[in-house]
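Here is how the chains run, residue by residue.
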Amino acid sequence: MDTIADFLTIIRNAGLSNHNIIKVKYSNIKQKISEVLLKNGYILDYKIEKSKNILKIALKYYKKNIPVIHKIIRISKPGLRKYCKYKDIPKVLNGLGIAIISTSNGLITDKQAKKKKIGGEILCYIF
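Residues numbered from 1 in each chain as written. Predicted model: local features only at pLDDT ≥ 70, side-chain atom pairs only at ≥ 80, totals over all residues. Heavy atoms only, no water.

**Q** Can you explain the environment of Tyr61? Please cite residues and give values.
**A** Tracing the backbone through its elements, the reader meets Tyr61 in the loop between strand E3 (54-59) and strand E4 (72-74). Judged by relative accessible area, which is 15%, Tyr61 ranks as buried. As a C-alpha pair, Tyr61 and His19 span 42 residues in sequence and 9.9 Å in three-dimensional space. When near neighbours in sequence (up to four residues on either side) are disregarded, Tyr61 contacts Ala14, Gly15, Asn18, His19, Asn20, Ile66, Pro67 and Val68. Looking at Tyr61, its side chain comes within polar contact range of the main-chain oxygen of Ala14, at 3.5 Å. Within the structure, Tyr61 has its side chain in polar contact with the backbone oxygen of His19 (distance 2.5 Å). (Helix = DSSP H or I, 4+ residues; strand = E, 2+ residues; numbered from the N terminus. Buried < 20%, exposed > 50% of the residue type's maximum accessible area, 1.4 Å probe, protein only. Contact = heavy atoms within 4.5 Å. Polar contact = N/O pair within 3.5 Å; in protein donor to acceptor, adjacent residues only side chain to side chain.)

**Q** I'd like to hear about helix H2 (residues 28-39), residue by residue, with values.
**A** Between its terminal C-alpha atoms H2 stretches 17 Å, which fits the 16 Å expected from 12 residues at 1.5 Å a residue. Listed in full, the buried residues belonging to H2 are Lys30, Gln31, Ile33, Ser34, Val36 and Leu37. With its phi angle positive at about 80°, Gly41 sits one or two positions after the end of H2. (Expected span 1.5 Å × (residues − 1).)

**Q** Which residues make up the environment of Lys87, and what values go with them?
**A** As for its placement among the helices and strands, Lys87 is situated in the loop between strand E5 (83-84) and strand E6 (98-103). Along the chain, Lys87 and Ala113 lie 26 residues apart, while their C-alpha atoms are 9.5 Å from each other.

**Q** Account for the nonpolar core, naming residues and giving values.
**A** Counting residues in each nonpolar core, the largest one holds 27 residues, and the members touching the most others are Phe7, Ile11, Leu37, Ile57, Leu59, Ile100 and Ile126. Elements with a contribution of two residues or more to this core: helix H1 (3-16), strand E1 (21-25), H2, strand E2 (43-49), E3, E6 and strand E8 (120-126). Per-element tally for this core: the top contributor is H1, with five residues. For Phe7, the residues in contact, after removing those within four places along its chain, are Val24, Lys30, Ile33, Ser34, Leu55 and Ile57. Within the second largest apolar cluster, 10 residues are counted, among which are Ile89, Val92, Ile122 and Phe127. (Core = buried A, V, L, I, M, F, W, Y, C linked by side-chain atoms within 4.5 Å.)

**Q** Please give an account of the pattern of salt bridges that cites residues and values.
**A** Tallying each qualifying case throughout the model produces four salt bridges. Taking the shortest distance from any N to any O, the salt bridge between Asp2 and Arg74 comes out at 3.1 Å. One end of the pair, Asp2, is in the segment before H1; the other, Arg74, is in strand E4, with 72 residues separating them in the sequence. As far as burial versus exposure is concerned, Asp2 and Arg74 are alike and both buried. For Lys39, the salt bridge identified is with Glu35, shortest N-O distance 3.6 Å. (Salt bridge = Lys/Arg side-chain N within 4 Å of Asp/Glu carboxyl O.)

**Q** Hey, could you go over unusual backbone geometry for me, with residue numbers and the actual values?
**A** Positive phi is not limited to glycine here, since Asn18 has a value of about 60°. Take Asn18: it is sitting in the loop between H1 and E1. Looking at Asn18, the relative accessible area reads 36%, which means it is partly exposed. The phi dihedral of Lys117 falls on the positive side, at around 60°, and the residue is not glycine. One can find Lys117 in the loop between helix H3 (110-116) and E8. A residue is classified by how much of its surface remains accessible, and Lys117, at 57% relative accessible area, is exposed.

Right, dumping it as structure tokens:
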């Protein structure tokens, strides 16, 4: 079972259905992905309810019905991992989107990985 793919699918479907807040089961990787999305302006906010083991995410929209996140594409899957060196990190929509990369320094975007000269596993593309 791919929990990251399920998480990304929930975000994608919630945006298409114009939901403002989504609730998912908490995990460290989901929190880190939410943190990257927040820093890059793709979501409004996220909160952790430790007592209920839930992660709440407030989605961001341009207008009332146009989500900021148009597409989320899962790249590295449990059956086929995709790794790359920092020189080979692809640009997402010529720099308009981001790639979330799992590195030894944690989850960072493609632009940060190129600045730090760190490669890693490409988790997903977001644009």
